[in-house]
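So the chains spell out like this:
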Amino acid sequence: VQLQASGGGLVQAGGSLRLSCAASERTFSSYGMGWFRQAPGKEREFVAAINRSGGGTYYADSVKGRFTISRDNAKNTVYLQMNSLNAEDTAVYYCAQRRRSTLGISYDQADYGYWGQGTLVTVSS
């Protein structure tokens, strides 16, 4: 599986960005997806996850109410809509696919076996 993340860039505080992650896998709809991020000097952390159907989502407290994860299984793509961005959101954002085809949602990085290359989001204050 190859995951290609895009959509990052430089944005002012309070602004919005939409990240996309396209998967090469034909059975994309069988796997939950997640977004993670790594800020400079920090460990990678969970941001948001979505189950394989798109009917269930889960967010880190730090982004809840500001970010929205969604997916289009017909396009093999998962999205992360980011609103009300602040400087603390500056990071490299990674999309990831679950190792196993399950019904649930996971925030545990160990449950994800495939990772995109990352896209940099920089929020200027």
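Quick note: structure is the one above.
Residues numbered from 1 in each chain as written. Predicted model: local features only at pLDDT ≥ 70, side-chain atom pairs only at ≥ 80, totals over all residues. Heavy atoms only, no water.

Engineer: Talk me through the overall build of the protein chain; I want residue IDs and the actual numbers.
Structural biologist: For the protein chain, the count of helices and strands is zero helices and eleven strands. Starting at the N terminus and ending at the C terminus, the protein chain contains elements arranged as β-β-β-β-β-β-β-β-β-β-β. In terms of overall dimensions, the protein chain is globule-like: its C-alpha atoms have a radius of gyration of 13 Å, near the 14 Å expected for 125 residues. With respect to the three principal axes, the spread of C-alpha positions in the protein chain is 40 × 25 × 25 Å. Separation between the mean location of the 13 positive side-chain charges and that of the 9 negative ones in the protein chain comes to 7 Å. (Helix = DSSP H or I, 4+ residues; strand = E, 2+ residues; numbered from the N terminus. Rg over C-alpha atoms; globule rule 2.2 N^0.38 Å. Lys, Arg positive; Asp, Glu negative; His and termini not counted. Charge placed at Lys NZ, Arg CZ, Asp CG, Glu CD.)

Engineer: Got a sec to walk through unusual backbone geometry? Specific residues and values, please.
Structural biologist: In the Ramachandran plot, Asn-76 falls in the positive-phi region, its phi being about 55° despite a non-glycine side chain. The residue Asn-76 is located in the loop between strand 7 (67–72) and strand 8 (77–82) in this model. Judged by relative accessible area, which is 16%, Asn-76 ranks as buried. In this structure, Ser-84 is a non-glycine residue whose phi angle is positive, near 50°. Summarising the element assignment, Ser-84 is placed in the loop between strand 8 and strand 9 (91–98). (Buried < 20%, exposed > 50% of the residue type's maximum accessible area, 1.4 Å probe, protein only.)

Engineer: Which residues make up the environment of Val-123, and what values do they have?
Structural biologist: By secondary structure assignment, the location of Val-123 is in strand 11 (residues 119–124). Along the primary structure Val-123 and Leu-19 are separated by 104 residues, whereas in three dimensions their C-alpha atoms are 14 Å apart. Those residues in contact with Val-123 that lie beyond four places of it in its chain are Val-11, Gln-12, Ala-13, Leu-85, Asn-86, Ala-87, Asp-89 and Thr-90. (Contact = heavy atoms within 4.5 Å.)

Engineer: Describe in detail the pairing of strand 8, supporting the description with residues and values.
Structural biologist: Judged by how many residues are buried, strand 8 sits mostly within the fold: five of six residues are covered. Here strand 3 (residues 17–23) runs beside strand 8; their pairing, made up of six bridges, is antiparallel. Bridge pairing in strand 8 places Leu-17 opposite Met-82. For strand 7 and strand 8, the ladder comprises six bridges, and the chain directions are antiparallel. (Pairing = 2+ DSSP bridges.)

Engineer: Break down the pairing of strand 5 (residues 45–50) for me, with residues and values.
Structural biologist: In terms of residue burial, strand 5 counts as a mostly covered element, since five of its six residues are buried. Examined bridge by bridge, strand 4 (residues 33–38) and strand 5 share five bridges and lie antiparallel to one another. By the bridge assignment, Gly-34 is partnered in strand 5 with Ala-49. The turn linking strand 4 back onto strand 5 is made up of six residues, and Gly-41 within it adopts a positive phi angle of 80°. As paired strands, strand 5 and strand 6 (residues 57–59) are joined by three bridges and run antiparallel to one another. Pairing of Ala-48 across the sheet is with Tyr-59, part of strand 6.

Engineer: An account of the pattern of salt bridges is requested, with residue identities and associated values reported.
Structural biologist: Summed over the entire model, instances satisfying the criterion amount to four salt bridges. Between Arg-37 and Glu-45 there is a salt bridge; the shortest N-O distance is 2.7 Å. Looking at Arg-37, the relative accessible area reads 5%, which means it is buried. Across the pair Arg-37 and Asp-89 runs a salt bridge whose closest N-O atoms are separated by 2.9 Å. Note that Arg-37 is positioned in strand 4 and Asp-89 in the loop between strand 8 and strand 9, a separation of 52 residues in sequence. Across the pair, Asp-89 and Arg-37 agree in class, each one buried. (Salt bridge = Lys/Arg side-chain N within 4 Å of Asp/Glu carboxyl O.)

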